[in-house]
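Residue-level listing of the chains:
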Amino acid sequence: MKLPILLTLAALCLAGPVSAASISGTILRADGQPMYPCDIDVIDRVTGLNVPNTNDSTLANGTYSMTIPNGRYDVYFKPPQGAHIFQGIYLNMRIETNVILNAVLPFGKRPT
């Protein structure tokens, strides 16, 4: 029972540091005003899981910045429900260096 745990710990110690990069940018509405608040979801393309990050929302001026491990991701910029603004989507982004992702989110309303 203890052997698998010891092997896992040994593998983690020998694995070395995980490389990371930052994604940052400015999210605006179609009228040029900052999109605040705007939730940012980063989904790992391999696992399909959301990458947890404490900076997963825009600031009052529409800017954001977060550090994530190198990899391939789908990035979603989600305005609050009821804002009548469409979300922004960047699919299959390779993040290996610092990347700037800006977006302008168009006004709209889902058909009922």
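Structural notes, computed from the coordinates. (Residues numbered from 1 in each chain as written. Predicted model: local features only at pLDDT ≥ 70, side-chain atom pairs only at ≥ 80, totals over all residues. Heavy atoms only, no water.)

### So, the packing of aromatic side chains
Link 1 in the chain: Per the counting criterion, the structure on display carries two aromatic pairs.
Link 2 in the chain: Geometrically, the ring pair formed by F77 and Y90 is edge-to-face, given 6.1 Å between the ring centres and 90 degrees between the ring planes. Residue F77 is found in strand β4 (residues 71-78), and its partner Y90 is found in strand β5 (residues 88-95); the two are separated by 13 residues along the sequence.
Link 3 in the chain: With relative accessibility at 0%, the residue F77 sits in the buried group.
Link 4 in the chain: Members of the aromatic cluster, joined through ring pairs, are Y64, F77 and Y90.
Link 5 in the chain: A cation over a ring is seen here: K78 above Y76, with NZ or CZ 5.7 Å from the ring centre. (Phe/Tyr/Trp six-rings, centres within 6.5 Å; stacked < 30°, edge-to-face > 60°. Helix = DSSP H or I, 4+ residues; strand = E, 2+ residues; numbered from the N terminus. Buried < 20%, exposed > 50% of the residue type's maximum accessible area, 1.4 Å probe, protein only. Lys NZ or Arg CZ within 6 Å of the ring centre and 35° of its normal.)

### Structural notes on the sheet that holds strand β2 (residues 39-44)
Link 1 in the chain: If you trace the three strands from one edge of the open sheet to the other, you get β2-β4-β5, paired in antiparallel fashion. At either margin of the open sheet sits one strand with a lone partner, and together these are β2 and β5. On average, adjacent strands in this sheet sit at an angle of 20 degrees to one another, irrespective of strand direction.
Link 2 in the chain: Where β4 meets β5, six bridges bridge the pair, whose relative direction is antiparallel. (Pairing = 2+ DSSP bridges. Axes fitted to C-alpha atoms, helices over the stretch in contact; angles between N-to-C directions.)

### Section: the environment of P52
Link 1 in the chain: Position of P52 among the secondary structure elements: in the loop between β2 and β3 (63-69).
Link 2 in the chain: The exposed category is assigned to P52, whose relative accessible area is 74%.
Link 3 in the chain: Along the sequence, P52 and I68 sit 16 residues apart, while their C-alpha atoms lie 8.9 Å from each other.

### Examining the environment of T97
Link 1 in the chain: Assignment of secondary structure puts T97 in the loop between β5 and β6 (99-100).
Link 2 in the chain: With residues near it in sequence (within four places) discarded, T97 still touches A21 and S22. (Contact = heavy atoms within 4.5 Å.)

### A word on unusual backbone geometry
Link 1 in the chain: Between Y36 and the following residue, P37, the backbone shows a cis peptide bond with an omega angle of -10 degrees.
Link 2 in the chain: With respect to the element layout, P37 can be found in the loop between β1 (20-29) and β2.
Link 3 in the chain: Positive phi values are uncommon outside glycine, yet H84 reaches one of about 55 degrees.
Link 4 in the chain: Mapped onto the elements of the fold, H84 is located in the loop between β4 and β5.
Link 5 in the chain: Assessed through its relative accessible area of 45%, H84 is described here as partly exposed.
Link 6 in the chain: In this structure, N92 takes a positive phi of about 55 degrees despite not being glycine.
Link 7 in the chain: Relative to the helices and strands, N92 is located in strand β5.

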